[in-house]
Each structure stands twice: as structure tokens, then as C-alpha cells.
Amino acid sequence: MESLLVLHAVAAVCAPWLVKRASLALLALPPAAAFLATALGRLPARESRTWAPQLGLELAFRVDALAVLMISLVTGVGALIMIYSTRYFSRGDEGLGRYGLFMSGFAGSMLGLVAADNLLLLYVFWELTTVCSYLLIGYDSESRPSRRAAMKALWVTTIGGLAMLAGFVLLGQAAGTYRVSDIVGHPPHVSPAAVVLILAGALSKSAIFPFSTWLPAAMAAPTPVSAYLHAAAMVKAGVYLLARLGPALGDVAPWREVAVPLGVVTMLLGGWRALRETDLKRLLAYGTVGQLGLLTVLFGSGNGGAALAGAAMLPAHALFKAALFLVVGIVDHAAGTRDLRELSGAGRSMPWVCAVAVLAGASMAGLPPLVGFAGKEAALETLMGAPLVLAGVVAGSALTAAYTLRLLWGAFGDKPGVAARETHRVSAAMFGPAALLSVLGLVLAPFVSWYGHALSGYIATFRDKGHETHVVLWGGFSLPLLLSAASLAAGVALFLAREPVARAGAALHVLDSGQIFWSAVRRLDRFAIQLTGLVQRGSVPDYLMLTLFTAIGVGVFSLASGGPPRLDVPVVAWQRPEQLLVAVLIVASAALALFARAYILLGVVVGITGYGTALLFLVHGSPDLALTQFLAETVSLVVFALVLRRLPVGPVRGRLPFWFRSGLGLAVAVVVTGAGMLAMGARTAQPVGALMGAAAEQAGARNIVSALIVDIRAWDTMGESTVLVVLTLGVTSLVFLRRTSYHIEPGPHVSAERTRWLAATLPRGQRALAFEVVARLTFHTVLVLSVFLLFIGHSAVGGGFAGGIVAGMAITVRYLAGGRNELAAAVPMHAGVLMGVGLTLSTGTALAGLLFGRAALDLISTDVTLPLAGHLHVGTGLLFDLGVYVSVVGMVQDILRALGAELDRQIDAEESA
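Everything quoted here is computed from the prediction, not taken from an experiment. (Residues numbered from 1 in each chain as written. Predicted model: local features only at pLDDT ≥ 70, side-chain atom pairs only at ≥ 80, totals over all residues. Heavy atoms only, no water.)

What follows deals with the side chain of glutamate 127. Among the structural elements, glutamate 127 can be located in helix H5 (residues 119–137). Residues contacting glutamate 127, with those up to four places away along its chain left out, are Thr158 and Gly161. (Helix = DSSP H or I, 4+ residues; strand = E, 2+ residues; numbered from the N terminus. Contact = heavy atoms within 4.5 Å.)

What follows is the structure in C-alpha cells.
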């Protein structure tokens, strides 16, 4: 299964190139290969690969009878749709490569969904189908209806999917496993809330009332998309979920009580709405909604007999509905319209297309000897014990027959007063898939009796066997046959009375679901704008105050709802006199910050609190943390000083009174300190610090902190480095008025050619000759020191981050001494290149081991002896740390280039103007 998914992924990635260089037909090969493997029984029954077992994550797949049925539909119809698409779209369509990418991605996602044997993995594929369907429905990005339809589908299915995820988590926790086969084999005692949440996801995906509104709107998509997503694949996902979890949840109270009534209502509303549609695709869409309601009734009944009938209807519906969508596409392509009021005489000009439509329509209406008839008979038979539900299904069947006749008459009939529509010849690539799907509804009908045997293993998983059901092409004269005949007769009567029925439907149409949906969206947008305007005022103090109040509120709520706290650890004021001295320094600096009236003084005082924190780290025996804190605080102070140049000159004035600010700070201090003490007292597991020594030794490091950052939690470090790089780029992009090259423009006081080592790079009066000499003399020495810190990180105080900060400080001093020209001379490489190389190096070294079947950061490990340097341990961790080093240097350089050199240029430009 994994190989087939990879094949679909590769096809999706290569789709733009394949479509441009060859043909869209090549993208039919992956689903065709999957269909062939399924038909030949080459797929393994179970396949599993551990991913994150502690979180219940695994790549687990199961191919049982139900999965085989769904995989056959998804892949078989998908391959035919791709062939159909080669002639539906024009060769010069610029979006054809994008279409192939999304269709291949959707086919692979749907394949993974129906084969997944893990709830969380199923959800991943579920959301991938949602994203792909959104992109396919909105294929014509210049069309407003397409964009609105795509957004509506995304809204409805995504909200339902999130609810379903919550239900999956509750179900997995109740069962103690996320394996679907284990949950079905040993159904857990699950809460009704979990069932309702899972049903919300299933019903929204299959457009069951009240989530039906998105499916008819999705007809703005190209016809091949409608034929695949909205007939054979995507809308079946919700029904498939009901079928898959029905054996485990069918007996839980909300399952039947919610699914069955909503299914009946959907069948009736969809069929009734289809009777007054004039667009052939929308007519089929509402018909699809109605028949999805029938499938929901069958699989929502939660018993084996109804599930067998539903399994018989699944392929029947996929065959005739996909064929009819393709036929509508042919008519639209050949006649130039889908409006049944403008079509006339197409049956005479396209007799073979008409024959295909009649055959598929007969199966949809439930006429013998077609698979649709066998499925409908099985559905009526299994519902004999539920008279109200049976009556609803019979009425829905009558509506189905009526709109089937309306479809065939509207597309191919001769209409009085309407001129015959001219049509052009239909290519074999378009006609063939529709004809094959339609004929299969007839060819497979004699073999429907095999359903019971083929699906016996799946039906046996239901604890409630339900009404005995037989899937046969002819079961003799019986009550289901009589009810079927009555529904057909009623359908013919409704079709003959189509005009008054359409008028009655229009008169009864009081509420428009589309208007209700967009009204709700507009209200939500308005509320979001008002809320954003309330809390996002562009004031950093307001944001900070809101954050601090939130922290206090969370702490108070947790304390109030958790009962009286228990503090099981002794409270010690201080262990060493140095701690008290440093604490007094920090408190005094914080108090002094409240009275500071100059921005530079405020920055220095706040920086002292950071240096005090570094001293606390040092007192507690953490020189690594102390060094990093010292270096980071120094760079922060420099950045703060650079930013001050663009702030208004004047005293610091707080908008809030002193007592309010001091009280808020004390409250936050109490909450944070109390939370930390309570967290330490609530510890139940053994502290990980005791295990760090052995872990560091295993990683070949004598520095526990470095081993923690570079080896044990390297994935976190890589993620943090990425976040810092993105944050740096975001901040510096706000400064640059133009950012087209790395070149730093020299100031008006600087000569174009520098010939002297101490040439003036700052305006006269701003130079500090001693500072400039010291900066240049120590620059390379400090760089060597930074490299030394990088290499000794595994055995002593240092590491890539500390070394990068030291190198950044050397660059900073060079800039402060000589200006922006010295910055360009100190590091002539583009900052973006440095950050990109650093991230690539870190990521590449982390993933290289995985590519060779080894653990991450476990590919290289050797000891070398170098001249002057001596003994050196070279490992993948060192290369990873080198990437961090280069990234940090690039970030510091980019900050200096933006907040230093660019601000210098802007100030010079303003002064010269």
C-alpha cells in the first residue's frame, strides 16, 4: 500500500511536467496500477510501520472486503476520469498541469483514506482530500462562483473534520488504541459525545442535511471533478466512515437516532429539489445528495443486513452516477450548454450517448436487470422492520425515478418550441469511460449474489445482524418488488406533472440554504473584525497587558477549579549567599525600570535583569546557559540601541498609573512563582535530569547541555532555528524600503575607494579612533574564539549557538566602530545565503542518517588529530551544530543590515533632503 501511495505522490509532483511534456493520460497509470493490484489480490491484508508509538501514530493499513470494494471504486473510476479529462480540457489550457497535480493528489489521499487502519492516519488523509477538493472545485480561480463554492466546501467539511478528530481522540482513548480493526473487534464503551462528533464529520463530508448546501454549489467545478469527487470518491468518504465504524458504534444510542432520520430527510429533500432544477449538473448534484441520504440510512442502521444492502448500493451508485456526470459533460461539451430548457433533439444527434445515459439512468431509477435494481431491492428488504423509514425510502425512490426521467428528457428529448441544438462529434476518450461505467451496471448485475459471500467477513463484525437480507438480481414476487413498482409508478406520475410540481417546489422554497450560509459567514467575519479591532490596537503595551492578564486569569482559574493546592516540596529562600545578592540585584533593577525616564536608561536597566538571570544560571552551576544568556542579552541591548534611533526623542511616559503597573507585575510574579512551585510539588515521574548523564555519554558528549540541544532534542533545535530565521526575515523586512540586493550604499562622507586601513567610514566627529583600532585588531581573534566554542561544545562550555552569537558580536563591534561600510567589508556574503546554508546543513545532517537506514544524527562519528588543533571528535552532531552556528551569524548580520545599515541610509537620505 505504501508503494502505491508513493506512486500517486510522485505522479502528483511530476504532473505539471508530465502534462506539459507528454499527456494527461499518463496520470491514469497510478490509479490503474492500484486497481489492477486490487483486482489481482496483490495488496497485503495488513501493513504497518511504527511512527510515534507513544502518541498512537503509525502507518497502518488494512485491506479487507470493504476496503477492496472502496479501493476498486476509487482507483477504477479515477483512471477512467483521467482518460476522460484528456479530451474534456483543451490542450492549451494553462491550468491543466495544476489540475493533474490536484487530481493525482486527491486519488492518492482517497486511496490512503479507505485503506487506513489507524484513526489518526485516516484523519490525515481525510483532510488531504478536503484540501485537494477545495483546489479542484476552485479550479477556475477567475470565476467568483468557483471561488465561493470552493470556500463553502472547505468551510463545511473542515469544521466537520475537526469535530470528527475530537471524536476520534475520545474513541481512541476509550479503546486504548487508535487501530480501527482493534476497535471494531473489541468495541469500547464510548461516550455519546464522541459518537455525535464522529457523525458530524461523516455527515458533513457526505453532504447530509443540514450540511447539504456545499455539494450543489460544488458543481461550479469542471465536470470530471464532479464525476470523481462528488459521485464516486469524496462524498463516499463519510458513508465509508459509517460503514467502517458501524460494527463498533452501531449500538451506541446516538448513532441510529441521528444518522437514520437525517438520512431519510436528506433523501426526500434532495430528490424534491432535483425536480425543479434546470441545470443538468445541479439536478444530478441534488440527486446525489438524495442517494447519499439512502446510503446513510443503510449504514447508519448499525446492523449487518442494512450494511450488506448499503455495500450493494455503493458500487451501483458510483457506476451510474459517475457515468451520468460524464454524459452531462459530453452534452455540455458538444452542445455548449447544460440548461435543459435550451436543449432539444440531442437524442437524435447523439444516439449512442443517449443510450449510455438511458442505461445508467435505468440503474439509478432501480430498473431490472441492473445493479441499481438489486441494490434498491436489498435496501427495501432490509428496512421491512422499520415502517416509517421504509415509507421514507419508498417516497425517496419515487423522487429518484422522477428526476431520472427529468434528466433524460431534459438532455435528449425533443421539446416543443425549442430549436434542435447542434452538436459536434464526441471523441472516443470522452465517450469510452462513460459507456464502460454504464455497461458495467448491466454486466455486473448477474454477479450481485456474490456480495453476501464476499462481504461475509465484514457483515460478521456487526453484533446486530438485523433483518435477513439477500442481494439478488431476482428474488421473485415479493413485497419489496411491489414497493419498488409502486415507487416507479409514482415517479412517472411526478415526471408527467413536472410543471405543477416545479411550481409547487418553488412556492414551498422559503429558506435558501446558500443565503443562510453566507449570511452566517458574513456575521462571523464582522464579529472577527470587531474583536480584532478591540484587541489589536497597534499598541505593544496593550498587547503585553492583555497577555499578562491572561496569564493571571489562567492561573487563578486553575487554582480555583483544582481545589486547595498541595505543596510537597520544601520551600528554601536561598541555598548560597550569592543567590541572595543576585536576586537583590534583579529586583532592584526591575524596580528601577519603573522610575526610568529615558529610553536608553530603561533598556540598560532591563538588560541588567537579563544579566542577573545569567548570574543565577552561573551560581546554579550552568555555565552554558549563563554564557548564552550573557551573549544574547548583549546583542539584544545593541539591537535596542539601534532601534532607538528611529523612536521619538523624549521622556518615557507610561499611560497607566504607577500603582497599576506595579500591582500587575506583582500579580504575575505571584502566579508564575506559585505555578512553578506547584508544578514541582505535583511531579510524579522521575526527573529526567538523572538520565541525562547516561544519554550524553551515549551521544559521545561530556557536556550534558550540548548533548541535550544537539543530540537528544535536535528536532526541537532545528525547529527553533527555523522559527528564529523566519522571525528575523519578518522583522527586517519591515525595515527595508527596498530590498533588491545585498549591496550597502556608502554614505556621502565616504570615498568610493578605500586605500588606507583606517580610512574614515563614519562622519567626522563620530569616529572613535581607539575603538576602531581595537575592533579591527580583535575581530579575527574573536572569530577564531567563536569557532573554538563551536568545536568544544560537546566536551566543554560552548556550542553552535554560543559560537554564532560570539561571531555576531564581533561583527556588531566592527559595525559600531566603522559604520555600514565596515559591516559589508566584515561579512561580504548575503545574510539570506548564510541563513539558508545553515538551515540546509542542520536539516540535511539530521535527515541524512534516515536516508541510509540509520538514526538521525548518527551517520558520522570519528576521531581525528589535526595540527595545532589537536584531538577532535567529528560527528554528525558537529555538522548539525555548524548549521546552527552559520544560521545565527546570518541572523545577526541581517539584523545589523536592517536595523543598522538600512536605518543609517534612511537617516542620511532624510538629512540630505
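Moving on to the confidence of the model for the protein chain. The pLDDT averaged across the protein chain works out to 84; a share of 91% of its residues lies at or above 70. Counting contacts from residues 751–756, a segment whose pLDDT is below 50, to residues more than four positions away or on other chains yields 3 contacts. (pLDDT = per-residue confidence, 0-100.)

Right, let's talk about the pattern of salt bridges for a bit. Within this structure, the stated rule accounts for 18 salt bridges. Among the ionic pairs, aspartate 64 bridges to arginine 244, the shortest N-O distance being 2.7 Å. In this pair, aspartate 64 sits in the loop between strand S2 (57–62) and helix H3 (65–88) while arginine 244 sits in helix H11 (residues 234–249), placing the two residues 180 residues apart along the sequence. Judged by relative accessible area, arginine 244 falls into the buried class, the value being 4%. Arginine 273 is the salt-bridge partner of glutamate 277, the closest N and O atoms lying 2.4 Å from each other. On the basis of relative accessible area, glutamate 277 is assigned to the buried category, the value being 7%. Because the salt bridges share partners, they merge into one network encompassing Arg46, Glu58, Arg62, Asp64, Asp117, Arg179 and Arg244. (Salt bridge = Lys/Arg side-chain N within 4 Å of Asp/Glu carboxyl O. Buried < 20%, exposed > 50% of the residue type's maximum accessible area, 1.4 Å probe, protein only.)

In a regular helix each residue adds 1.5 Å, so 21 residues correspond to 30 Å; helix H27 (residues 599–619) covers 30 Å between its end C-alpha atoms and thus fits that length. All buried positions along H27 are accounted for by Gly603, Val605, Gly607, Gly610, Gly612, Ala614 and Val619. Looking one or two places after H27, you find glycine 621, whose phi comes out positive at around 80°. (Expected span 1.5 Å × (residues − 1).)

Side chains of a nonpolar character, in soluble globular proteins, are inclined to be buried together. Counting 180 residues, the largest nonpolar core has Tyr99, Tyr228, Leu249 and Phe412 as its most contacted members. Considering each element in turn, this core owes the most residues, 22 residues, to helix H14 (residues 304–335). Counting residues in hydrophobic clusters, the runner-up holds 41 residues, among them Leu823, Ala826, Ala846 and Leu903. (Core = buried A, V, L, I, M, F, W, Y, C linked by side-chain atoms within 4.5 Å.)

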